[in-house]
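Residue strings, one per chain:
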Amino acid sequence: MAPNADSPVQTQVALAVPNHSISSEHHGSRSSEAKQVARRRVFVQTETGCVLGIELDRGDNVHTVKRRLQLALNVPTEESSLTYGDRVLKNDLSAIRNDSPLLLRRNLIQRSSSSPCLSPTAKDLLQRDRSGPIEILGCSNSCSMKQLVKDAVKAIKNGVDPLPVHSGLGGAYYFRNSRGERVAIVKPTDEEPFAPNNPKGFVGKTLGQPGLKRSVRVGETGYREVAAYLLDYDHFANVPPTVLVKITHSIFHVNEGVSCSKNKPHDENSSAMSKIASFQKFIPHDFDASDHGTSCFPVAAVHRIGILDIRIFNTDRHAGNLLVKKLGGGDGRFGGQMDLIPIDHGLCLPENLEDPYFEWIHWPQASIPFSDDELKYIEYLDPSRDSDMLRSELPMIREACLRVLVLCTIFLKEAAAFGLCLAEIGEMMSREFKGGVEEEPSELEILCIESKRLVTEHSVFLSEAESGGEDDIQFDIDCGEEDELTKQVGVQPSSHSRNPFSRLQILEEEEDVDGDGDGDEDDTGLSPLRSDLPLNVSKLSMSLKDVSLAEKHNQLKQQGWFSKGGKTSTKPNYSYGVKHPNGNRSANEQLPASQSFVKLADMSDDQWGAFLEKFQELLPGAFRDRKSRVAGQRQRQRLGTSCQF
């Protein structure tokens, strides 16, 4: 189901998405784009946020792009990699789509701090960024967004400057039209929390490293903003139109020490800073959901937003990012009809399953059964089509994120067909906290763990049948605790293999040597799919057979897998209060990262397909188990983990 991670950008035929102008316009422009393949543009972004638009000739490659980047921005490019989402570009750029954003990342080992000796040609010296003030990246743009961009550009030329947004943790700006009206909100990727140019003082990481959420990398929330809009077919949940842009303006923030040109950051000649950002239509509204009693919100609006949140595994749905618009009627704030507009989807579609945050989970509307129209909408959702669409529209999005989308959409479809309401589905996806300290896997994560065990057992059985059987099944656990586990389980770990199933992905990764907090990254900072690994099995999971979901959870808990100080590796030791020399707060001040109980990206295509089959087989029993356990019980309380940015 997943594409080969080493393959070039995936191509996609036209998708039949009813009444979705984005898709129809995109595919209608394919033929014209093919004719212009000889003169494509790419927008290359450095780890510190600097962006340069480069026009590619037919013979250009990674080396020539790096050379132009160094000459234009005066940045070192040796021992660096040009990346495109999951893919590290070797040399050929022929498969890169027009107007694509690329990221230049330093490799782990720097052999030299000096710049390579270049012999620039006259053409190289004349390299300039010829793009306009606002350029839409890719082909995913409707006529309305094109017009919105034109209005914003016209206002800039007429001297109407954007306005900074002072709330939130990241940098954001209201762009206006010539009449001074707000028409769009722009969020530069290098001004996200902990990004190099964050204006609120939350810095300390480069683009591509784990960010505010461990499973969402710095600089990639803008892709998710666009993905949420693209997945909101027929404007079902009311997500405002959103596109990815390369945008230039002097109002953008550049922290001291981050140079983006041959001039100093604040010189006159370099005052206009180019950045990659999400560009979202501004929706006039009266207030947000945190300023209003939630019982007055329409049931349909809450359901539709909840359906979207479940599909995209939103880890940060709080009342502050639900705008409320009065539709007339009633007196004042507390009365009359109103509509909800969901915004801020930068923390959806994480690379790994973690703890989502659904503030609507305890709202009364979430306990009301789905309507026939809502059930019909859910029934027609196609996770395979959705992931293919995102590969085509946002080819820089990571494959692990698409697997989360597929898994959650299947879970939603099966749960709704079984008769579960929105609150019940959200609770099964959410983790439970004990005393605010211990974190336990959700029912969804337990299902994934059990599915991996079943797939592993089947694979090992086939392997033994082919090899004539083996006396011992070996496994390997990459957490530095092999000796302790070997004594408890009685199995010798293999020194020459790493099995993604044997760990059950319950162990949280230790921070790797480059300090980015993601132990599974290679020296480029990427997380490749481990499809070449042998299939072995951990005997720890053998005791989970023929028991209910709750009993599986209890057995794993008794073995110490989910408790603080149990078999899970310890969380990083964060240094609170550490300050940078320039007064900015360090990225180490963030809250301790959530544990990673389940990962999906470590499976090959065949393993992933088998996993989904087992997962669907387990769902009916899990739903019956939940119905029987929660009957007559009061709704459980959960602690909020909202990020509010």
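Keep in mind that what you see is a predicted model, and the values were worked out from it rather than measured. (Residues numbered from 1 in each chain as written. Predicted model: local features only at pLDDT ≥ 70, side-chain atom pairs only at ≥ 80, totals over all residues. Heavy atoms only, no water.)

A. Broad picture of the state of the cysteines. Tallying each qualifying case throughout the model produces zero disulfides. C448 provides the cysteine sulfur closest to C408, a residue in no disulfide bond, and the two sulfurs are 8.3 Å apart. (Disulfide = S-S within 2.5 Å.)

B. Focus on the sheet that holds strand 14 (residues 338-342). Strands sit in the order 12-13-14 across an open sheet of three strands; the sheet is antiparallel. Pairing within the sheet leaves two strands with one partner each, and these edge strands are strand 12 (287-288) and strand 14. Pairing between strand 12 and strand 13 (residues 322-326): two bridges, direction antiparallel. Of the residues in strand 13, the one forming a bridge with D288 is L323. (Pairing = 2+ DSSP bridges. Helix = DSSP H or I, 4+ residues; strand = E, 2+ residues; numbered from the N terminus.)

C. Geometry of the packing of aromatic side chains. Scanning the model with the defined rule gives 12 aromatic pairs in all. Plain terms: the ring middles of Y174 and F282 are 5.6 Å apart, the flat faces sit at 80° to each other, and that makes the pair edge-to-face. Placement of Y174 in strand 8 (residues 173-176) and of F282 in the loop between strand 11 (273-281) and strand 12 is noted, with a sequence separation of 108 residues between them. In this structure, Y174 and F282 share a single accessibility class: buried. Geometrically, the ring pair formed by F358 and W360 is stacked, given 4.7 Å between the ring centres and 10° between the ring planes. This pair shows no difference in class: F358 is buried, exactly as W360 is. (Phe/Tyr/Trp six-rings, centres within 6.5 Å; stacked < 30°, edge-to-face > 60°. Buried < 20%, exposed > 50% of the residue type's maximum accessible area, 1.4 Å probe, protein only.)

D. Representation of the pairing of strand 14. With four of five residues buried, strand 14 lies mostly within the body of the structure. When strand 13 meets strand 14, the two strands line up antiparallel, connected through five bridges. Note that in strand 14 the partner of L323 across the bridge is I341.

E. Representation of empty space enclosed by the protein within the structure. If you walk through the whole model with that rule in mind, you get eight cavities of 30 Å³ or more. Considering only enclosed or pocket space, the largest cavity measures out at about 160 Å³ in volume. What lines the largest cavity is a set of 18 residues, among which T83, G85, L103, E220 and Y223 lie closest to the centre. Counting residues per element, the ones that place at least two in the lining of the largest cavity are strand 3 (80-84) and strand 5 (100-106). For the lining of the largest cavity, the element with the most residues is strand 5, which contributes four residues. (1 Å grid on protein atoms, 1.4 Å probe; cavity = no way out; pocket = protein on both sides within 12 Å on 5 of 7 lines; lining within 4 Å. Points joined across faces, edges and corners; volume = space filled by probe spheres on them.)

F. Main features of the side chain of K200. Looking at the secondary structure, you find K200 in the loop between strand 9 (182-188) and helix 6 (221-231). Side-chain polar atoms of K200 contact the backbone oxygen of G168, separated by 3.0 Å. (Polar contact = N/O pair within 3.5 Å; in protein donor to acceptor, adjacent residues only side chain to side chain.)

G. The packing of helix 7 (residues 299-311) against helix 10 (residues 399-418), seen in detail. Across the interface, helix 7 lies against helix 10 with an axial gap of 7 Å and an inter-helix angle of 135°. The angle between helix 7 and helix 10 falls in the class oblique. Counting all contacts with helix 7, which are made through I307, I310 and R311, the residues of helix 10 involved are V404, L405, C408, T409 and L412. Considered class by class, the residues forming the contact of helix 7 with helix 10 number six nonpolar, one polar and one charged. (Axes fitted to C-alpha atoms, helices over the stretch in contact; angles between N-to-C directions. Parallel < 35°, antiparallel > 145°, perpendicular 65-115°, else oblique. Contact = heavy atoms within 4.5 Å. Nonpolar A, V, L, I, M, F, W, Y, C, P; charged D, E, K, R; others polar.)

H. Structural detail: the environment of G138. You can see G138 is positioned in the loop between strand 6 (134-136) and helix 5 (143-157). Spatially, the C-alpha atoms of G138 and P395 are 9.5 Å apart, while their sequence positions differ by 257 residues. Not counting residues up to four positions away in its chain, the partners in contact with G138 are R97, N98 and D99.

I. Seen up close, the sheet that holds strand 4 (residues 87-88). Pairing within the open sheet is mixed, and its five strands lie in the order 2-1-5-3-4. With one partner strand each, in any of the chains shown, strand 2 (51-56) and strand 4 form the two edges of the open sheet. One ladder, built from six bridges, connects strand 1 (residues 40-46) with strand 2; its direction is antiparallel. Pairing of V42 across the sheet is with I54, part of strand 2. Along the sheet, helix 3 (residues 62-73) makes contact with strand 1, strand 2, strand 3 and strand 5, crossing strand 2 at roughly 135°.

J. Highlighting helix 9 (residues 383-393). The buried fraction of helix 9 amounts to nine of the 11 residues, a majority that puts the element mostly inside the structure. A distance of 3.1 Å separates the backbone nitrogen of S384 from a side-chain oxygen at the start of helix 9, and that oxygen is part of D382.

K. Region of the structure containing the pattern of salt bridges. In this structure the tally under the stated criterion is 30 salt bridges. Here K275 ties to E191 by a salt bridge, and the two come within 2.6 Å at their closest N and O atoms. Highlighted residues: K275 in strand 11 and E191 in the loop between strand 9 and helix 6, separated in sequence by 84 residues. Residue classification places E191 among the buried residues on the basis of a relative accessible area of 0%. (Salt bridge = Lys/Arg side-chain N within 4 Å of Asp/Glu carboxyl O.)

L. Focus on unusual backbone geometry. Positive phi is not limited to glycine here, since F194 has a value of about 75°. Mapped onto the secondary structure, F194 falls in the loop between strand 9 and helix 6. Phi at L349 is positive, roughly 45°, even though this residue is not glycine. Relative to the assigned elements, L349 resides in the loop between strand 14 and helix 8 (372-379). Here L349 falls in the buried class, since its relative accessible area comes to 0%.

M. Examining the packing of helix 8 against helix 10 more closely. Closest axis-to-axis distance for the helix 8/helix 10 pair is 9 Å, and the angle between their directions is 140°. With respect to each other, helix 8 and helix 10 are oriented oblique. The two elements helix 8 and helix 10 meet at a crossing, and its hand is left-handed. On helix 10, the residues that touch L375, I378 and E379 of helix 8 are L412, K413 and A416. For the contact of helix 8 with helix 10, the residue count by class is four nonpolar, no polar and two charged. (Left-handed = near helix turned anticlockwise from the far one by under 90°.)

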